[in-house]
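# Overview (structure and organization)
Okay, here's what each chain looks like letter by letter:
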Amino acid sequence: MLREIVVYPDRRLKLISKEVVSFDGALHDLLDDMYDTMIAKNGVGLAAIQVGVDLRALIINIPLEEKEGNESQPKENTLEMINPVIIEADGKEKFQEGCLSIPGFYEDIERAKHVRVEYYDRDGNKETIEDDDFLAIAMQHEIDHLEGKVFIEKLSYIKRKKFEKEWKRKLKEGVV
Ligand code: CO
């Protein structure tokens, strides 16, 4: 089922999400709905707060190595992370980021190149994953959402001002 995406500057995006304690049907429904919503919007990642639920849950669409034409992303390729914690972060990398809560805006953001993350799957099994590519960046972006942070907070003062001005205009024109 599709859920409505919370769009910047909605104050819910500033909430610090709560630990998931029940790995139950409600959590599974939330994750399934987040998947449907992310795919419908052509996103590569989504945190629960972006559909208005302040729980520490996120999903990331892992890109296929070889994608043929319009072949859609299989659901098995979606990484679901509950209560994720970054336990190692090193190196630096700039990567162009976007966010379903700030549709149509993209900017280069610097983050750690390599991260190791501990998390739980939807059934409460503890897992560890590490990456030094797209996934590392995506995990940092989505985990930031759980802390009430959006990627535009990493922009320089000048770029942030320019963004806020343009965003206000877009909201006013109803083109977001
Ligand atoms: Co985002």
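Look up: the structure comes first, before these words.
Since we're looking at a predicted model, the values are computed, not measured.

Protein-derived coordination of the cobalt ion comes from C99 (SG), H141 (NE2) and H145 (NE2), at a distance range of 2.1 to 2.3 Å. For the cobalt ion, the donor residues sit on a single chain with the sequence spacing C-x41-H-x3-H. Of this pair, C99 sits in the loop between strand 4 (93-97) and strand 5 (107-111) while H141 is found in helix 2 (residues 134-146), placing the two residues 42 residues apart along the sequence. Taken individually, C99 and H141 each receive the classification buried, so the pair is uniform in this respect.

A separate point is helix 1 (residues 25-40). Look at helix 1: 22 Å from first C-alpha to last across 16 residues, which is about the 22 Å you get at 1.5 Å a residue. Among the residues of helix 1, those classed as buried are L27, H28, L30, L31, D33, M34, Y35, T37 and M38. N42, located one to two residues past helix 1, shows a positive phi value of around 55°.

In this section: the packing of aromatic side chains. Evaluation of the coordinates by the stated rule reveals 6 aromatic pairs. With 6.5 Å between their ring centres and 50° between their planes, F95 and F134 make a pair best called tilted. Within this pair, whereas F95 is found in strand 4, its partner F134 is found in helix 2, the two being separated by 39 residues in sequence. Of the residues examined, F95 reaches a relative accessible area of 24% and is grouped as partly exposed.

With 17 residues, helix 3 (residues 157-173) extends 24 Å between its outermost C-alpha atoms, agreeing within 8% with the 24 Å of an ideal straight helix rising 1.5 Å per residue. Of the residues flanking the end of helix 3, it is G174, one or two places downstream, whose phi is positive at about 70°.

Further remarks concern the nonpolar core. One finds L58, I60, L79, M81, V117, I129 and M139 to be the most contacted residues of the largest nonpolar core, which totals 17 residues. Of all the secondary structure elements, the ones that give two or more residues to this core are strand 2 (57-61), strand 3 (78-90), strand 6 (114-120) and helix 2. The contact partners of L58, leaving out residues within four places of it in the chain, are M34, L46, A47, L79, E80, M81, P84, E142, I143 and L146. Counting 15 residues, the second largest nonpolar core, distinct from the first, contains L30, L31, M34 and L100.

Spatial strand order, 1-2-3-6-7: 5 strands in an open sheet with antiparallel pairing. The sheet is open, and its two edges are formed by strand 1 (45-47) and strand 7 (126-131), each paired on a single side. With strand direction ignored, the average angle separating the axes of adjacent strands in the sheet is 40°. The pairing of strand 3 with strand 6 spans 6 bridges and is antiparallel. For D90, the partnering residue across the bridge sits in strand 6 and is H114. With respect to the sheet, helix 2 is in contact with strand 1, strand 2, strand 3, strand 6 and strand 7, its orientation differing from that of strand 2 by roughly 155°.

Scoring rules and cut-offs
Position labels on residues start from 1 in each chain and follow its written sequence. Per-residue local features are limited, in this predicted model, to residues with pLDDT of at least 70; the limit for side-chain atom pairs, both in listing and counting, is 80 or more; totals at the level of whole chains, interfaces and linings are taken over all residues. The basis for every side-chain value is the complete set of heavy atoms in the structure, and neither hydrogens nor water enter the calculation. Coordination shells were defined by N, O and S atoms within 2.8 Å of each metal, extended to 3.2 Å for Na, K and Ca; water is absent from the atom set, which can make sites look incomplete. A run of DSSP states H or I qualifies as a helix once it reaches four residues; a run of E qualifies as a strand once it reaches two. Both are numbered from the N-terminal end. Here's how the labels work: a residue is buried when its accessible area is under 20% of the maximum for its type, exposed when over 50%, partly exposed in between, all with a 1.4 Å probe on protein chains only. An expected span of 1.5 Å times one less than the residue number is assigned to each helix. Think of it this way: a Phe, Tyr or Trp ring, Trp meaning its six-membered ring, pairs with another when their centres are within 6.5 Å, and the plane angle makes it stacked under 30 degrees, edge-to-face over 60, tilted otherwise. For our purposes a nonpolar core is just a set of buried Ala, Val, Leu, Ile, Met, Phe, Trp, Tyr and Cys residues, chained together by side-chain atoms within 4.5 Å. By the convention used here, residues are in contact when the closest approach between their heavy atoms is within 4.5 Å. If DSSP finds at least two bridges between two strands, the strands pair. Convention adopted: a line fitted to C-alpha atoms gives each axis, helices being fitted over their contacting stretch, and angles between N-to-C directions are expressed from 0 to 180 degrees.

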